[in-house]
Amino acid sequence: MNTPLFKATIKKFFLLSFTFFLILQANTVSAQKKFKVVIDAGHGGTDPGNLGNGYFEKDIVLKIALEVGKLLKSDESFEVIYTRDDDTFIELNQRGKIAQKSKADLFVSIHCDAFGKSSAYGAGTFVLGLHENDRNFEIAKKENSVILLEDNYKENYDGFDPNAPESVIGLTLMQEEFLDQSLALASLIQNNFTGDLKRKDRLVKQAGFLVLRNTFMPSVLVETGFLTNKAEGAYLNSKKGQQEMATSIFKAIKSYKKQIDANTVVEVKPKEKPKVDTTPKTRIVKGVDFKVQISSSTKKVATASYNFKGLKGIERVRVGAHHKYYYGLTSDYNKAVALRTEAKAKGYKGAFIVAFKNEKKISVKDALALK
């Protein structure tokens, strides 16, 4: 069998196999680079949501969610995961688990609002946080009450009571690491609603939504408008309204990803380890301060190490209504990478590098481009 023809056949077989392996690897790497977005259509199945003016919230938000997903899928850099893509009831804790299991980069939950007075109208976007007023709490309570339809909800949600304000407090502590990113996305969505679509601005707010409980990633809940308002309900129930709202959300997600990309530097590893290590030990950028942001919170916390899992030298800076917490200060980008690795090892999985020039925040890419 050791003939020239046999050898040529074997050689061709291995060549084809190796080529297939390279293609497979390339596709795998490409897939890993996709930006994963979980789109959550609120309610569904036995839970119709609100029924303002006879409309079904569950049907309207599903159509908007599917349209957002369709638009995202047209861009190869995105991967879309739906918590539901038909009229199915999905428990709230399962929605968060879907996002966690998929290791998503974003979680967007879509809803329609309702109010006792039909005069209320406008769109609002929420991130997880302590309710700042009774209205925010009432919105959260309405969305959270869905758990009462679930079997064994007390066991599934550790005794969470959707009617008790104190139950909300524990939700916020787990997610504040991603508050900054959540607020950034929420602001982009809200700006599109009010700027592009001229919807009444009900602002970006914080409230204790249970659906965001297990989403340890940037997450927002969108209230697209009031079905209890005759004109707004008709708009949201129309194909035109659904497409416009979906486009606004899609454009905001794209803008958010662009911001993230501008602040992310991909370190390309060489295919083969060089015989001589030529990797620079330092990467100093004069006039630039690199820090590692580990958290953003409405609460003012003492910067003692015991409050930050043993990390020392934490800096707290107030920006608007929030306190940002930074770890480390260096003009050496490589050292900042090491600090970020250390913070993540301590449990701050969402830690990221930020750059400042003359005390003004700039993107990391822009910082590294400076000479």
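Residue numbers run consecutively from 1 along every chain, following the written order of its sequence. The predicted origin of the model limits local features to residues at a pLDDT of at least 70 and limits the giving and counting of side-chain atom pairs to 80 or more, whereas totals for whole chains, interfaces and linings rest on all residues. Calculated side-chain values reflect all of the structure's heavy atoms, with hydrogen atoms and water omitted.

An unreviewed UniProt entry lists the protein under the name N-acetylmuramoyl-L-alanine amidase, with Aureibaculum algae given as the organism. UniProt positions are given in the numbering used here, feature names are shortened, and annotations may be inferred rather than shown by experiment. According to the UniProt record, the Catalytic activity (unreviewed entry) comment for the protein reads "Hydrolyzes the link between N-acetylmuramoyl residues and L-amino acid residues in certain cell-wall glycopeptides."

Right, let's get into the packing of aromatic side chains. The aromatic pairing rule takes the rings of Phe, Tyr and Trp, using the six-membered ring of Trp, and pairs them if the centres are within 6.5 Å, calling planes under 30 degrees apart stacked, those over 60 edge-to-face and the rest tilted. In the structure shown here, the tally under the stated rule is five aromatic pairs. A ring pair is formed by phenylalanine 290 and tyrosine 333, whose centres lie 5.6 Å apart and whose planes are at 70 degrees; its orientation type is edge-to-face. Linking phenylalanine 290 in strand β7 (residues 288-297) with tyrosine 333 in helix α10 (residues 333-345), this pair joins segments that are 43 residues apart in sequence. Summarising the burial analysis for this pair, phenylalanine 290 and tyrosine 333 share the class buried. Counting every residue linked through ring pairs, the aromatic cluster contains Phe35, Phe78 and Tyr256. In this structure, lysine 200 is placed above the aromatic ring of tyrosine 121, and the distance from its NZ or CZ to the ring centre is 4.9 Å. The lysine or arginine in question, lysine 257, covers the ring of phenylalanine 78, its NZ or CZ lying 6.0 Å from the ring centre. Secondary structure elements are defined from DSSP: runs of H or I of at least 4 residues count as helices, runs of E of at least 2 residues count as strands, and each element is numbered from the N terminus. With a 1.4 Å probe rolled over the protein chains alone, any residue whose accessible area is under 20% of its type maximum counts as buried; one over 50% counts as exposed, and the rest are partly exposed. Put simply, a charge is over a ring when the Lys NZ or the Arg CZ is close to the ring centre, within 6 Å, and near the line of the ring normal, within 35 degrees.

Further remarks concern the pairing of strand β3 (residues 106-113). Counting buried positions along β3 yields eight of eight residues, so the element is predominantly enclosed. Neither face of β3 is left uncovered, since the one carrying Leu106, Val108, Ile110 and Cys112 and the one carrying Phe107, Ser109, His111 and Asp113 both have all their residues buried. The pairing of strand β1 (residues 35-41) with β3 spans five bridges and is parallel. Note on β3: the bridge partner recorded for valine 37 is leucine 106. Pairing of β3 with strand β6 (residues 219-226), which is carried by six bridges, proceeds in the parallel orientation. Opposite isoleucine 110, over in β6, you have valine 222 as the bridge partner. Two strands form a pair only when DSSP identifies at least two bridges running between them.

Let us look at helix α7 (residues 179-195). Taking 1.5 Å of rise per residue, 17 residues should cover 24 Å, and α7 covers 23 Å from first to last C-alpha, within 8% of that figure. Listed in full, the buried residues belonging to α7 are Leu179, Asp180, Gln181, Ser182, Leu183, Leu185, Ala186, Leu188, Ile189, Gln190, Asn192 and Phe193. Residue count minus one, scaled by 1.5 Å, sets the expected span of a helix.

Now for empty space enclosed by the protein. We place a 1 Å grid over just the protein atoms. Points where a 1.4 Å probe fits but has no way out form a cavity, open points with protein on both sides within 12 Å along at least 5 of 7 lines form a pocket, and any residue with an atom within 4 Å of a point lines it. Grid points are joined across faces, edges and corners, and a volume is the space filled by probe spheres set on the points. Counting across every chain of the model gives three cavities of 30 Å³ or more. Computed from the structure, the second largest cavity encloses a volume of approximately 50 Å³. As for the second largest cavity, its lining consists of 10 residues, and the residues nearest its centre are Asp113, Gly124, Phe126, Arg202 and Glu223. Where the lining of the second largest cavity is concerned, the elements lending two or more residues are β4 (123-128), β5 (201-207) and β6. Three classes are used, and their members are as follows: Ala, Val, Leu, Ile, Met, Phe, Trp, Tyr, Cys and Pro are nonpolar, Asp, Glu, Lys and Arg are charged, and the others, Gly among them, are polar. Residue composition of the lining of the second largest cavity, by class: four nonpolar, two polar and four charged.

Moving on, we come to the pattern of salt bridges. In the sections that follow, a salt bridge refers to a side-chain nitrogen of Lys or Arg positioned within 4 Å of a carboxyl oxygen of Asp or Glu. As enumerated under the stated definition, the model contains eight salt bridges in all. Of the charged contacts in the structure, one is a salt bridge between lysine 251 and aspartate 196, with a shortest N-O distance of 2.9 Å. Placement of the pair is lysine 251 in helix α9 (residues 239-262) and aspartate 196 in the loop between α7 and β5, with a sequence separation of 55 residues. Where glutamate 244 meets lysine 240, a salt bridge forms, and the shortest distance between an N and an O atom there is 2.9 Å. Pair noted here: glutamate 244 and lysine 240 are both in helix α9, with a separation of four residues, about one helical turn. Its relative accessible area of 24% is what places glutamate 244 among the partly exposed residues.

A separate point is the environment of tyrosine 256. On the secondary structure map, tyrosine 256 appears in helix α9. Once the C-alpha coordinates of tyrosine 256 and serine 187 are considered, the two residues, 69 residues apart in sequence, prove to be 9.8 Å apart. We call two residues in contact when some of their heavy atoms are within 4.5 Å. Sequence-distant contacts of tyrosine 256, that is, excluding residues within four places in its chain, are made with Phe35, Leu106, Gln181, Ala184, Leu185, Leu188 and Pro218.

Time to look at unusual backbone geometry. One non-glycine residue, asparagine 53, adopts positive backbone phi at about 55 degrees. Using a relative accessible area of 46% as the deciding quantity, one classes asparagine 53 as partly exposed. Unusually for a residue other than glycine, leucine 203 sits at a positive phi of about 70 degrees. Examined against the element boundaries, leucine 203 turns out to sit in strand β5. Under the relative-accessibility criterion, leucine 203 is labelled partly exposed at 47%.

Let's shift gears to the sheet that holds strand β10 (residues 352-357). What holds strands together in a sheet is hydrogen bonding between their backbones, with the strands either parallel or antiparallel. Reading across the sheet, the five strands line up as β8-β9-β7-β10-β11 and stay open at both edges, with antiparallel pairing between neighbours. In the strand order of this sheet, the two ends are held by β8 (314-319) and β11 (360-362), each with one partner. Across the sheet, the axes of successive neighbouring strands diverge by a mean angle of 45 degrees, strand direction being ignored. Both β8 and strand β9 (residues 322-330) contribute to a ladder of six bridges, which runs antiparallel. In the sheet register, valine 317 faces β9, and the bridge partner there is lysine 324. To get an axis, a line is fitted to the C-alpha atoms, and for a helix only the part in contact is used. The angle between two axes follows their N-to-C directions and goes from 0 to 180 degrees. Set on the sheet, α7 makes contact with β7, β9 and β10; between it and β7 the angle comes to about 85 degrees.

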